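Secondary and tertiary structure notes
The primary structure of each chain is shown beneath.
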Amino acid sequence: MAVGRNTLQAWIDVRGVTVIVEAEGKTDAAAADSDIFWQTLRAQVAKVERQP
């Protein structure tokens, strides 16, 4: 995981697939929405876990 001034990034290996999620604030001064970031990351991991 990486945290910048206005960005959040995460990459996770799940069953041989790398899930990457990045969130960015709307302006240089705005922080990324961490709630949406974590919700999106969990949803993408769940999609990979449901694959046969």
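Our subject is the structure listed above.
Since this is a predicted model, take the numbers as computed values, not measurements. Residue positions within a chain follow its written sequence, with the count starting from 1. Local features in this predicted model are restricted to residues whose pLDDT is 70 or higher, and side-chain atom pairs enter the listing and the counts only when it is 80 or higher, whereas totals over whole chains, interfaces and linings include all residues. Hydrogens are left out, water is left out, and the side-chain values use all remaining heavy atoms of the structure.

1. Some details on the sheet that holds strand β3 (residues 17–24)
Any two strands with at least two DSSP bridges between them are considered paired. Numbering of helices and strands runs from the N terminus; a helix is a DSSP stretch of H or I covering at least four residues, while a strand is a stretch of E covering at least two. One open sheet accounts for three strands, arranged β1-β2-β3; its pairing is antiparallel. Because the sheet does not close on itself, it has two edges, and the strands there are β1 (2–3) and β3. Both strand β2 (residues 7–14) and β3 contribute to a ladder of eight bridges, which runs antiparallel. Bridging across to β3, Leu 8 finds its partner in Ala 23.

2. Some points on the nonpolar core
Buried residues of nine kinds, namely Ala, Val, Leu, Ile, Met, Phe, Trp, Tyr and Cys, make up a nonpolar core once their side-chain atoms join them within 4.5 Å. Exposure categories follow from relative accessible area, calculated using a 1.4 Å probe and restricted to protein chains: below 20% of the type maximum is buried, above 50% is exposed, and the middle band is partly exposed. In this structure, Leu 8, Ala 10, Val 14, Val 19, Val 21, Ala 23, Ala 32, Phe 37, Leu 41, Val 45 and Val 48 together form the largest nonpolar core, which totals 11 residues. Taken together, the elements giving at least two residues each to this core come down to β2, β3 and α1 (34–50). Among the elements that line this core, the one with the most residues is α1, at four residues. Pairs of residues are marked as contacts when any of their non-hydrogen atoms sit within 4.5 Å. Setting aside chain neighbours within four positions, we find Val 45 in contact with Ile 12, Val 14 and Val 19.

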